[in-house]
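Letter by letter, the chains look like this.
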Amino acid sequence: MQQPQIRHPRRVPAARLCALGIGGVLALAGTVGSSALGPPDPIHLVQALREGGCGGILPPARRLEQNSLLDNAARAWAAGRTLGQATEQSGYQSEKVAGLHVTGGDSGVLQQLRSSACLTVANRDMRDVGVYRRGSDTWLVLGYKYLVPSSQQAPRLAARTLELVNEARSQSRRCGSRSFAPAPPLTLDPTLGSVAYGHAADMAEHNYFEHEDLSGHTPADRVRAVGYHEKLVGENIAFGPRTADEVVQGWLDSPGHCENIMDPRFAQMGIAYAAGRAKRGLFWVQLFAQPKA
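These remarks concern the structure in this document. (Residues numbered from 1 in each chain as written. Predicted model: local features only at pLDDT ≥ 70, side-chain atom pairs only at ≥ 80, totals over all residues. Heavy atoms only, no water.)

**Focus on the environment of Ala 154**
In plain terms, the rule: A run of H or I in DSSP becomes a helix once it reaches four residues, and a run of E becomes a strand once it reaches two; helices and strands are each numbered from the N terminus. For every residue, the accessible area obtained with a 1.4 Å probe (protein chains only) is divided by the maximum for its type, and the residue is called buried under 20%, exposed over 50%, and partly exposed between those limits.
Take Ala 154: it is sitting in helix α8 (residues 154-169). Note on Ala 154: relative accessible area 30%, which makes it partly exposed.

**Concerning the pairing of strand β4 (residues 128-134)**
Stated precisely, the cut-off is as follows: At least two bridges found by DSSP between two strands are what make those strands a pair.
The buried fraction of β4 amounts to five of the seven residues, a majority that puts the element mostly inside the structure. Pairing of strand β2 (residues 65-66) with β4, which is carried by two bridges, proceeds in the parallel orientation. If you follow Glu 65 over to β4, its bridge partner there is Asp 128. For β4 and strand β5 (residues 137-145), the ladder comprises seven bridges, and the chain directions are antiparallel. Among the inter-strand pairings, Asp 128 is bridged to a residue of β5, identified as Gly 143. Taken together, β4 and the strand that follows it, β5, pair antiparallel across an intervening segment of two residues, in which Gly 135 is found at a positive phi of about 60°.

**Remarks on the sheet that holds strand β11 (residues 282-291)**
Put simply, the test is: Every residue pair with non-hydrogen atoms within 4.5 Å of one another is taken to be in contact. For helices, the axis comes from a line fit to the C-alpha atoms of the stretch in contact; other axes are also lines fit to C-alpha atoms, and the angle between any two N-to-C directions lies between 0 and 180 degrees.
Strand order in this open sheet of four strands is β8-β10-β11-β9, and the pairing throughout is mixed. The open sheet has two free edges, formed respectively by β8 (187-188) and β9 (230-239), since each of these has just one partner strand. Here β8 runs beside strand β10 (residues 268-275); their pairing, made up of two bridges, is parallel. Looking across to β10, one finds that Thr 187 is bridged to Gln 268. Lying on the sheet, helix α12 (residues 255-262) is in contact with β9 and β11; it crosses β9 at an angle near 140°.

**Re the state of the cysteines**
For the record, the criterion: Only a pair of cysteine sulfur atoms within 2.5 Å counts as a disulfide in this structure description.
Counted under the stated rule, the structure contains two disulfides. Across the disulfide, Cys 54 is cross-linked to Cys 118 (sulfur-sulfur distance 1.6 Å). Taken together, the positions of Cys 54 in helix α3 (residues 53-56) and Cys 118 in helix α7 (residues 118-121) put the pair 64 residues apart, joining distant regions of the chain. For the pair Cys 54 and Cys 118, one class covers both residues: buried.

Below you can see the structure in the form of structure tokens.
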């Protein structure tokens, strides 16, 4: 009888799958001017640059929403906190933030923002903005709030993942040094999906990232524990991606994970995700199995 096998590929590169962290802080030493109508509104200038694509050199970006939590973050940053500390203290659940500190007293702030901070200002990922002004200094904080997919989205994400995996399996593919012929399509199995969710939730709850859980159970152990009779089990995990497209592409770009996806012996798949608690991001688990006849 063939012994169950467990594949433990290398982890997906963090730079590929982890979209977390605090953006860089850009200090602009320039001049914020005063006119007969008073100093320019910094948020208005940011909106103008976004909508105009920094003078037409970038695609237009949607308007930002002023967020009171980011206003508080800008105030705390001005008071001496780091940008990360200020954002966390404000309660804004950020996936990505960037800060701009403008100081001076002239009317050239728009040109300064365009020439020195255009990529930051026009970042299409950003959704919210906060501002704090003190004298001739202005602190701007741009952010993208971390949103966890709802449980109602899980079936759609599972279906999309299956679609992408079967699309990959339908074509010849090279995974690192190994070449794979097209493989038969997989089907979703609810039992495997439930096991995948259990491991994703456990990693999210206890903040670890391993195929073996804290009790020492392997993927095959977890599958057998729920009564699934397998000949072969494989597992891919990831942390960070927000979408099915992102996580599948990350796995396909990693040779070991790609081999699991392209293995023609697998017939069924389960996929699940859970939101991290100690750090923001999604833990993904993809289970593959060949059931016993």
